[in-house]
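The residues making up each chain are set out below.
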Amino acid sequence: MGLAARREGCEVAGWDVDPRVLADAAERGAVGGVAGSVGDALEGAAIAFLCAPVGALPGLTVEALAAAGPDCAVTDVGSTKRALAAATDDERFVGGHPIAGSESSGVEHARADLFQGAVWYLTPGERSSGVLYERLHGLLVAFGALPIAIDAETHDRLLATVSHLPHVLANVLVSQAAADLTREDEALPRVGPSFRDTTRVAGASSSVWTDIYLTNAVAIAERIDDTVERLRRVASDLRSADAGAIREWNDAAGADRQRLLEADLAGGPVHELRVSVPNRPGIVAQVALALGRGGVNIADMALAPAPDNRSGAITLWVVGEGAGARATELIGKLGFPVAERS
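Conventions adopted
Residues numbered from 1 in each chain as written. Predicted model: local features only at pLDDT ≥ 70, side-chain atom pairs only at ≥ 80, totals over all residues. Heavy atoms only, no water. Core = buried A, V, L, I, M, F, W, Y, C linked by side-chain atoms within 4.5 Å. Buried < 20%, exposed > 50% of the residue type's maximum accessible area, 1.4 Å probe, protein only. Contact = heavy atoms within 4.5 Å. Pairing = 2+ DSSP bridges. Helix = DSSP H or I, 4+ residues; strand = E, 2+ residues; numbered from the N terminus. Axes fitted to C-alpha atoms, helices over the stretch in contact; angles between N-to-C directions. Salt bridge = Lys/Arg side-chain N within 4 Å of Asp/Glu carboxyl O.

K.L.:
Lay out the nonpolar core in plain terms, naming residues and giving numbers.
P.N.:
Grouped together as the largest cluster of nonpolar side chains are 43 residues, with contacts concentrated most on Y133, F143, L291, L316 and V318. Ignoring any residue separated from it by four or fewer positions in sequence, one finds L291 in contact with V296, I298, L316, V318, A327, L330 and I331. Among the nonpolar cores identified, the runner-up in size contains 17 residues, and A48, L60, A64 and L65 belong to it.

K.L.:
For the sheet that holds strand β7 (residues 146-149), give the residues involved together with the corresponding values.
P.N.:
Strand order in the open sheet formed by three strands is β5-β6-β7, and the pairing between neighbours is mixed. Taken across any chain shown, the strands that pair with only one partner, and hence form the sheet edges, are β5 (94-98) and β7. Going across the sheet, the axis of each strand differs from the next one's by a mean of 25°, ignoring polarity. Examined bridge by bridge, strand β6 (residues 119-124) and β7 share four bridges and lie parallel to one another. From the neighbouring strand, Y121 faces β7, where its bridge partner is I148. Strands β5, β6 and β7 of the sheet are contacted by helix α6 (residues 130-142), whose axis makes an angle of about 170° with β6.

K.L.:
Residues and numbers for the pattern of salt bridges, please.
P.N.:
Tallied over the entire structure, the rule returns 13 salt bridges. Residue R230 is joined to D226 by a salt bridge in which the shortest nitrogen-to-oxygen separation is 2.9 Å. Residue R230 and its partner D226 are both found in helix α10 (residues 217-239); the two are separated by four residues, about one turn of the helix. Judged by its relative accessible area of 49%, R230 falls in the partly exposed class. Among the residues examined, D226 registers a relative accessible area of 27% and is labelled partly exposed. One network of salt bridges, with partners in common, ties together R223, D226 and R230.

None of this, on its own, says anything about what the molecule does.
Put into structure tokens, the structure is as follows:
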């Protein structure tokens, strides 16, 4: 984030609990100023990014909000959101989670283009400031990311399936393979690319992932139970040598994967919408969450309060075939008038 922000001409100050990490970040150009405390790092800041294991984030968020100015947007990058959403209702805070990175960790693996084309989930609360949400959204777009608003509970349920469960399965697979080989007293084989790809994230940093597993334990456990039941059905079909069922299962998986890939790569035309809204706390979050739940991607936004400051307008640019009509429908359900400009 520091590299991406400095590439965009931003001034970046950093603080870390480990002075050596902070020194490495400064040497690589990820931060321009080395701060001695959270308060020093946030002096005059417009946006604060909190990057720590999710178990440490509630305390760090409270500390950062106490030190940040009244016009500073505070966000995080944690992989679970419900516990953090419950920790604060400060209007300056907007939870965040970029879907980017790899199994590698450490400042030595940082790069400025990491977020190009990456989804960046934002989980605003009911009181989140519209002005600060707009500022944060704009910087993430400048990073090359695709910000999508989503509520904290839905985020954790979704990530349990597409992120946390794959880590669980990778760990189980490598341990299963190692145990089988030990029992058979065989030499380790040359594993194929399927096994390497499937287990790439096995044994990811325990300092990060232990907190993730525990803060999203219920949702992950439910996904594990569902996966076990699906595997049992496949095992039953294999034992009964049901070729038709196996073919149908395999073909369905291929079709599902294609559908997911097409959704992930979806682009299309940009539609400009102007939404008239009352000027009250959380209104931008309400609109953004409605579009996020409806699968509409906001490419950009701008706020324009009315002269009497009682109402205002949100100009949205949404992407995709039919996205304008879909966004108009979703916002209309909130009771706000929408005008689309071609």
